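This is what each chain is made of:
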Amino acid sequence: MGTTEAQVEELIAQMTPAEKAGQLTQYFYFGLPAGAETEPALGLDVERHPRMVESVLQEGGAGSLLFVTDPTEINRLQRLAVEGHRLGIPLLFGFDVVHGLRTILPVPIAMAASWDPGLIERAQSVAAREARAVGIHWAFAPMVDIARDPRWGRIVEGAGEDPYLGAAVAVAQVRGFQGREPGAPGRIIAGPKHLAGYGAALGGRDYDEVSLSDSDLWNVYFPPFEAAVDAGAGNVMTAYMSLNGIPATGNRWLLTDVLRDAWGFEGFVVSDANAVRNLVTHGFAADPSDAAARAIGAGVDMEMAIVDPAYEHLPEALESGATTQQAVDASVRRVLEAKIRMGLFDTPYVEEDHAREVLTDPAHREVARVAAERAAVLLRNEGGLLPLDGDKLGSIAVIGPLADSKRDTLGPWVFDHDLDETVTVLEGIRARAGEGLRVAHARGVRVVQRVFPSMFDMFGGNAPDDPEGFDEEAEFKRAVDLARGAEVAVVVVGEWQNMIGEAASRSSLELPGRQLELVQAVVGTGTPVVLLVMNGRPLDLRWAVEHVPAILDIWYPGTRGGAAVANLLFGDVSPGGKLPFTWPRTVGQVPMVYAHTRSHEPENQPRRYWDESSTPLFPFGHGLSYGRFEYADLAVDQPAIVTTGTVTVSVEVTNTADREADEVVQLYLHQRHGAASRPVRELKGFRRVTLAAGESRTVRFRVGPKERRYWNAAVRDWVTDSSSFDVWVGADSTAPLATVFEVKAE
Ligand code: BGC
């Protein structure tokens, strides 16, 4: 027995059933302001909750806490667990380090739009460093749920619609959080979530049931999870909803047969918040005790709970025989192993001075700026309106309430940010403009309120408001007048950050409030308009695409967002991001994915909808540049291979513009016939390259059995067919340049 194992077994031998149940319980510890109102659904008494948790810690009744980010508080609570109880088992502190802790990075969908795994890894290593410095050991991230329905608000937290891109982004994030070993300084445990299928909620309504075919699960929804597990993720979180009728948190097939047996996951599984108790709500478990027994039986090691954890009933479930000592001990073992791995028995506390230093590291802000630059997607640039020439331009009008909203610039899922150092678009443009350029700003329209309150409103500043005495009519007119008098109008539109994220689904994709009307009025002045879109999901931009020459998707760009946007607008850097989802024209087309299969009369497009085109507004992978890229000499090194073989595809990419720029070279594959009908195109390779003015580069991709295999629903296994394969390489999922190769049986 190794020392770790011996230490774990020694502890387990001393633990009572109640202490084991405690070790498997994670409590929220909310530092909400006294008197804060919490959602009734949270069932939380803000005044009493902290005292309750503190006494639980001293009874050995919790293995982990979440939502504490202050190092002094973390040390205080850790001390209660370590010194307040005879076993002295340290707590794991977990938190939603989704896109940064203090330094806020662009939202995850934006990071995915960079198509730059190296950048994503670097960015999450910054997040990990800050988190670890304050005493957080574990991130509830990455969210690797495939999202094919933009009505679902959590599309902003993931990498979009594609399993190949999703897997690459998942791996980069796990590496960024964990490095080579999550116990190392500046690293934390990554917890990919929410296993699995959560993004396919019926109607895009958060938490609603999910029905996914075997083929969809294995070919589309599982790959990012499997990739994250392969990359060594130390934790996995379950999902709230039921998958094909079985709640994910009580789904043994999902959490044991697939996760542990098929993928070899060795870490620990946590439930989503209150998801174990919810097994009763689902009409699956009879009562909390049954819920506890069935969750642990399915493979949920730790329960995340707000109040009244179901795992409190584990001792009684043990007594009745509803669960076994073996199952409980196996879960305790996994949790203790994670604590040992994180070095917590040796070093349970953090150095508060060190934390302060790390949180103010200017290098972190630089990573955030570069990330925001690399994430932006240039959707349209008619007549080369962008980049703006800062030397020639005399005046610029910056319009829209989002243009100067610090909180919205950061996006959802941030709690520990610093508004003072957040740079808005307006501030970024002002700072970049210098003396010669007049920059004026008008909000134009009022802050649009959500129809329902957000579950995040209880955190200060999350519910936006207008300035005192705001007069919308006067302000609208002022905005239009400013635009009329300026040489260029930059209009920032989108969704307020609390309109997207968890429990923020929508039934429409329109710009909220009077924003479209504002854009139309500004365009009506005749002043050239650059539209900046602040969003985490595609929005209905049909009018803008017809009438606005330049559209740049800046997402929720984070702490240094405005600085990055200014650099992009004035051409200090060229946009190089690409869409990680198909951008529909209207909500009525949803769901719409590029990797669909072909069926009856595919070319007869008008028969699909008689009132709307069946093409998207922008295809998956779309994104323009200030460079100009030409693709040539697409070749496969062998015309035919056997099923175990690999071809190398090469293409020459040239930047014919007179400036340096990035391009994301994308490879798509199509199997012409076989044991199943396969999608018309699937992404199977990509590379982001920087090319100097006039530079050419040969880019190579390997397409082997792994890229060609797929899960066949009839065979219920992976299949590699012999067939003809079309290959396209180019700038997006409609790339025209094509070649073909054959795969023959051995
Ligand atoms: C979300 C999770 C999150 C957890 C803790 C839940 O409501 O679904 O993604 O990690 O809360 O904040």
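Calculation rules
- Residues numbered from 1 in each chain as written.
- Predicted model: local features only at pLDDT ≥ 70, side-chain atom pairs only at ≥ 80, totals over all residues.
- Heavy atoms only, no water.
- Core = buried A, V, L, I, M, F, W, Y, C linked by side-chain atoms within 4.5 Å.
- Buried < 20%, exposed > 50% of the residue type's maximum accessible area, 1.4 Å probe, protein only.
- Helix = DSSP H or I, 4+ residues; strand = E, 2+ residues; numbered from the N terminus.
- Contact = heavy atoms within 4.5 Å.
- Axes fitted to C-alpha atoms, helices over the stretch in contact; angles between N-to-C directions.
- Parallel < 35°, antiparallel > 145°, perpendicular 65-115°, else oblique.
- Nonpolar A, V, L, I, M, F, W, Y, C, P; charged D, E, K, R; others polar.
- Pairing = 2+ DSSP bridges.
- Salt bridge = Lys/Arg side-chain N within 4 Å of Asp/Glu carboxyl O.

Re the nonpolar core
And step 1. Of all hydrophobic cores here, the largest spans 222 residues; its most connected members are Val530, Leu532, Trp555 and Leu569.
And step 2. Element by element, the count of residues in this core is highest for helix 6 (residues 117-134), at nine residues.
And step 3. With sequence-adjacent residues up to four places away left out, Leu532 is seen in contact with Val425, Val490, Val491, Val492, Val493, Leu552, Ile554, Val565 and Leu569.
And step 4. Residues Val636, Val649, Val689 and Phe725 belong to the second largest nonpolar core, which totals 23 residues.

Some remarks on the packing of helix 8 (residues 214-221) against helix 9 (residues 223-230)
And step 1. Where helix 8 meets helix 9, the closest approach of the two axes is 6 Å, and the angle between their N-to-C directions is 45 degrees. Of the possible angle classes, the one that applies to helix 8 and helix 9 is oblique. Seen from helix 8, the contacting residues are Leu217, Trp218, Asn219, Val220 and Tyr221; seen from helix 9, they are Pro223, Pro224 and Phe225.
And step 2. A breakdown of the residues in the contact of helix 8 with helix 9 according to their chemical character gives seven nonpolar, one polar and no charged.

Examining the pairing of strand 3 (residues 92-95)
Regular strands place side chains that alternate from one sheet face to the opposite one.
And step 1. Here strand 3 shows two buried faces, one formed by Leu92 and Gly94 and the other by Phe93 and Phe95.
And step 2. The pairing of strand 2 (residues 64-66) with strand 3 spans three bridges and is parallel. Counted as the bridge partner of Leu65 is Phe93 from strand 3.
And step 3. Two elements, strand 3 and strand 4 (residues 138-139), share two bridges in a ladder whose sense is parallel. Bridge pairing links Phe95 to Ala139 in strand 4.

Notes on the sheet that holds strand 10 (residues 303-305)
And step 1. With parallel pairing, the six strands of this open sheet are ordered in space as 5-4-3-2-1-10. Strand pairing shows two members of the sheet lacking a second neighbour, strand 5 (189-190) and strand 10, which therefore form its edges.

Brief notes about the pattern of salt bridges
And step 1. Per the stated rule, a full pass over the model turns up 47 salt bridges.
And step 2. Among the salt bridges present, the one from Arg560 reaches Glu421, with a minimum N-O distance of 3.8 Å. Note that Arg560 is positioned in the loop between strand 16 (550-553) and helix 22 (561-569) and Glu421 in the loop between helix 17 (406-410) and helix 18 (425-433), a separation of 139 residues in sequence.
And step 3. Overall, Glu421 belongs to the partly exposed group, its relative accessible area being 21%.
And step 4. A salt bridge links Glu695 to Arg697; the shortest N-O distance between them is 3.1 Å.

With respect to unusual backbone geometry
And step 1. Of note, the bond from Lys193 into His194 is cis; its omega dihedral lies within 30 degrees of zero at -5 degrees.
And step 2. Among the structural elements, His194 can be located in the loop between strand 5 and helix 8.
And step 3. Between Val590 and Pro591 the backbone carries a cis peptide bond, its omega angle lying at -5 degrees.
And step 4. We note that Trp555 has phi near 55 degrees; this positive angle belongs to a residue other than glycine.
And step 5. Residue position: Trp555 is located in the loop between strand 16 and helix 22.
And step 6. One non-glycine residue with positive phi stands out, namely Arg716, at about 55 degrees.
And step 7. Following the sequence through the fold, Arg716 ends up in the loop between strand 23 (710-712) and strand 24 (717-719).

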